[in-house]
Amino acid sequence: MMRLVKAGLMFGNLYEVSSPALVERYNRALEHLTGKRTALTEFHIDIVGASPEIAHEFDDELYLNPHGANQMFILLSTDQKTAPLLNSQFSTSRSILKQYIEANEDQLFALTAREAVAGELMNSVFKIAEPADLLDINQIEITADTTQSHVAEAEELSAQIDRFMSDDDAWWDDVLIADMIELAKRTGNIQRNPVKLDSQTFTQGNYFTSHFGGAYVFRDANTPTIILREKIDGMDAIEIEQVLTFEDREGIANWLRDEGLSQLIVQRPNQDSALVIRQKMDFIVVSVAADQGHDLSGLSRQNMRTLERRYANDLPEEFLGLMDVWRWASMGGRVPKIGPAHPSFFYAVRGSQHKDRDLVNMLLSDLSRLDFRQLFIMHKPLFYERYATWPEEKKDFVVRFLEQEYAMDKAGAREALFGEEPSMEPEPASQRADKLKANPWAGMRPNESNPSMNRIVDGQLYEVDIESGQSVKVANTKPYVSPWGRPDKKYRKRKRR
């Protein structure tokens, strides 16, 4: 793991705590939340104030997140908002806390100038004991204050000021005036510098959790679905429309397609898209060569083909399937006939442009683990877990590749892999109609009947007739087999729109 740390690929961008004043503030907050104190004089913390050094000291990676359900946090500075979240149990926790910090940044900046702020992401449940509990996680409420209760005292002082100004007899209330003076000594002038942290509530919609071996919860979908890595006890008690496991690859692919959550990386022959597939193939070759004990120290793109030929007989089905896709995309070869059951299928799919795109790509990286770059980008905990099991040769190559190629242009790599960042605002219907009128192929996705010529509008599947350019409403579709399959005149019954 030290290779990753030295290359800035692990524990990167953490907030350093080294001054005695900050260490003492942290200890006061830590004792306030957990009853513990650290003996360390220097350490680093993530966005919630969790430190890998303190976790090692306590032998507890979740010392700020008991039971993995209610994340506590310690803020020493608003600069923590750019730090990662280590050992996250929910994929939404970091974004929720970051939104909270940005919404209260001025107040938090003033408070952390003199004291640490301690708080909690209060879940709808206190402990996740069975799979059905996943559906009880509806909202996350954030509450926070300093260890000296500056926020609570400021609220109390504000209430006393209101009483003093509105009550005619308050001028003669010596006790009230004395209390106000004492509180003002600790809070400062709250009229000029208000001290208030709004208790915010965030809806927990679609998310990933590490509980139960890993679960992807999509409650906001048209067909609410939970996708589990493996079968677990209590699945039958989950009151949701559909529960899938990684064994049901076709069910996952069909659901992603029907919800409009996924798209093919290569939707038609295209050199740029073919390059993405080629890189995924290279990563698979590296894995095979490393397992064979090959020295990868001098490996480059130029001699990757030599390595591929050397281990041709050992290359897995994932490589062979992607080879068909790459050949079609770059050389105009025959249309690949690869369905969800094929090991390579999810390597050739990515999340479409919607608000949960990253969650879908996280799921897809879980289903295509030989692509170490996508795994590192979208699912770091799983990447670190897999990294620990790799041969030394592969560890060296992966660190070198991520450091020299991915880290040099993260934004460019993400755009090539996943497309442009999706807009958080829904596209107006008129704008979408104008876009489709100008380009009838915009927003389409392939299927086995007509590659690269399909699109979803208001939940209904349409095709574009190549000769006329008109949209054709599709009915009576058969089960999903291969998105690249050849056209079949008998496959669908069409009705003019």
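Residue positions are counted from 1 within each chain, in the order its sequence is given. Under the rules for a predicted model, residues below a pLDDT of 70 receive no local features and side-chain atom pairs below 80 are neither given nor counted, while totals for whole chains, interfaces and linings still include all residues. The side-chain numbers reported here are obtained from all heavy atoms of the structure, hydrogens and water having been left aside.

Draft legend 1. Structural detail: the pattern of salt bridges. Any carboxyl oxygen of Asp or Glu that lies within 4 Å of a side-chain nitrogen of Lys or Arg is treated as forming a salt bridge with it. As enumerated under the stated definition, the model contains 20 salt bridges in all. With a closest N to O distance of 2.6 Å, Arg 3 and Asp 396 form a salt bridge. Taken together, the positions of Arg 3 in helix 1 (residues 2-6) and Asp 396 in helix 15 (residues 392-406) put the pair 393 residues apart, joining distant regions of the chain. The class of Arg 3 is partly exposed, set by a relative accessible area of 28%. In this scheme, a residue with accessible area under 20% of its type's maximum is buried, one over 50% is exposed, and one in between is partly exposed, where area comes from a 1.4 Å probe on protein chains only. The exposure class assigned to Asp 396 is partly exposed, which follows from its relative accessible area of 35%. For Glu 115, the salt bridge goes to Arg 28, with nearest N and O atoms at 3.2 Å. To qualify as a helix, a DSSP run of H or I must reach at least 4 residues; to qualify as a strand, a run of E must reach at least 2; elements of each kind are numbered from the N terminus.

Draft legend 2. Structural context of the nonpolar core. Remark: nonpolar core denotes a set of buried residues (Ala, Val, Leu, Ile, Met, Phe, Trp, Tyr, Cys) joined through side-chain atoms within 4.5 Å. In terms of nonpolar packing, the biggest core is built from 75 residues, with Tyr 216, Ile 227, Ile 252, Ile 277, Phe 372, Phe 383 and Leu 402 touching the most fellow members. Looking at which element gives the most residues to this core, the answer is helix 9 (residues 271-291), with 11 residues. By size, the runner-up hydrophobic cluster in this structure holds 39 residues, among which are Ala 29, Leu 30, Val 48 and Leu 111.

Draft legend 3. Spotlight on helix 8 (residues 249-258). Among the 10 residues of helix 8, 8 are classified as buried, and the element is accordingly described as predominantly covered. Where helix 8 is buried, its residues touch strand 8 (215-218), strand 9 (225-228), strand 10 (242-245), strand 11 (262-264) and helix 12 (357-366). Any two residues whose heavy atoms approach within 4.5 Å at even a single point are treated as in contact.

Draft legend 4. Quick look at the sheet that holds strand 4 (residues 117-122). By this definition, two strands are paired if DSSP reports at least two bridges between them. Pairing in this open sheet of 4 strands is antiparallel, and the strands run 3-4-5-6 from one edge to the other. Looking along the sheet, the strands with just one partner apiece sit at the ends: strand 3 (71-75) and strand 6 (200-203). For this sheet, the mean angle separating the axes of adjacent strands, direction not counted, is 20°. Sitting on the sheet, helix 5 (residues 105-112) is in contact with strand 3, strand 4 and strand 5 (139-146), with an inclination near 135° to strand 4. Axis definition: a line fitted to C-alpha atoms, over the contacting stretch in the case of helices. Angles run 0 to 180 degrees between N-to-C directions.

Draft legend 5. Inspection of the pairing of strand 5 at higher detail. Relative to strand 5, strand 4 is paired through 6 bridges, and the arrangement is antiparallel. Pairing of Val 117 across the sheet is with Thr 146, part of strand 5. Pairing geometry for strand 5 and strand 6, over 4 bridges, is antiparallel. Paired with Ile 140 across the strands is Phe 202, a residue of strand 6.

Draft legend 6. Broad picture of the environment of Asp 282. Among the structural elements, Asp 282 can be located in helix 9. Using a relative accessible area of 11% as the deciding quantity, one classes Asp 282 as buried. C-alpha of Asp 282 to C-alpha of Met 304: the two residues are 22 residues apart in sequence and 7.1 Å apart in space. Setting aside chain neighbours within four positions, we find Asp 282 in contact with Met 304 and Arg 305.

Draft legend 7. Main features of a negative patch on the surface. Residues Glu 230, Glu 247, Asp 248 and Glu 250 make up a contiguous surface patch of negative charge. Considering the arrangement of structural elements, one finds Glu 230 in the loop between strand 9 and strand 10. For patches, a residue must show more than 30% relative accessible area and have no salt bridge; joins then use 9 Å for like charges and 5 Å for nonpolar side chains, namely Val, Leu, Ile, Met, Phe, Trp and Tyr. Each accessible area is a Shrake-Rupley estimate made with a 1.4 Å probe; only the visible protein chains count as cover when residues are assessed. When charges are tallied, Lys and Arg are placed among the positive residues and Asp and Glu among the negative ones, while His and the ends of the chain are skipped. To locate a charge, the coordinates of NZ of Lys, CZ of Arg, CG of Asp or CD of Glu are taken.

Draft legend 8. Up close: the sheet that holds strand 9. Read from one edge of the open sheet, 4 strands run 7-8-9-10, paired in mixed fashion. Here the strands that pair on one side only, and so sit at the sheet edges, are strand 7 (207-209) and strand 10. Across the sheet, the mean angle from the axis of one strand to that of its neighbour is 20°, orientation sign disregarded. As defined by bridge partners, strand 9 adjoins strand 10 across 4 bridges and the pair is classed as parallel. Each residue of the ladder has a partner; that of Leu 228, found in strand 10, is Thr 245. The strands that helix 8 touches are strand 8, strand 9 and strand 10; relative to strand 10, the one it contacts most, it runs at about 130°. Its contacts with the sheet place helix 12 against strand 7, strand 8 and strand 9, and it is angled at close to 150° to strand 8.

Draft legend 9. Focus on helix 2 (residues 20-34). In this analysis, the expected span of each helix is defined as 1.5 Å times one less than the number of residues it contains. The first and last C-alpha atoms of helix 2 sit 20 Å apart over 15 residues, in line with the 21 Å expected at 1.5 Å per residue. Considered for burial, the residues of helix 2 that qualify are Leu 22, Val 23, Arg 25, Tyr 26, Asn 27, Ala 29 and Leu 30. A positive phi of about 80° marks Gly 35, the residue just after helix 2.

Draft legend 10. Here's a closer look at the environment of Ala 215. The topology assignment puts Ala 215 in strand 8. Residue classification places Ala 215 among the buried positions, given a relative accessible area of 0%. C-alpha of Ala 215 to C-alpha of Glu 230: the two residues are 15 residues apart in sequence and 9.0 Å apart in space. Not counting residues up to four positions away in its chain, the partners in contact with Ala 215 are Leu 134, Tyr 207, Phe 208, Thr 209, Ile 227 and Leu 228.

Draft legend 11. Main features of the side chain of Ser 77. Looking at where Ser 77 falls in the secondary structure, it is placed in the loop between strand 3 and helix 4 (93-103). Looking at Ser 77, the relative accessible area reads 11%, which means it is buried.

Read these as layout, nothing more, since geometry by itself doesn't imply function.
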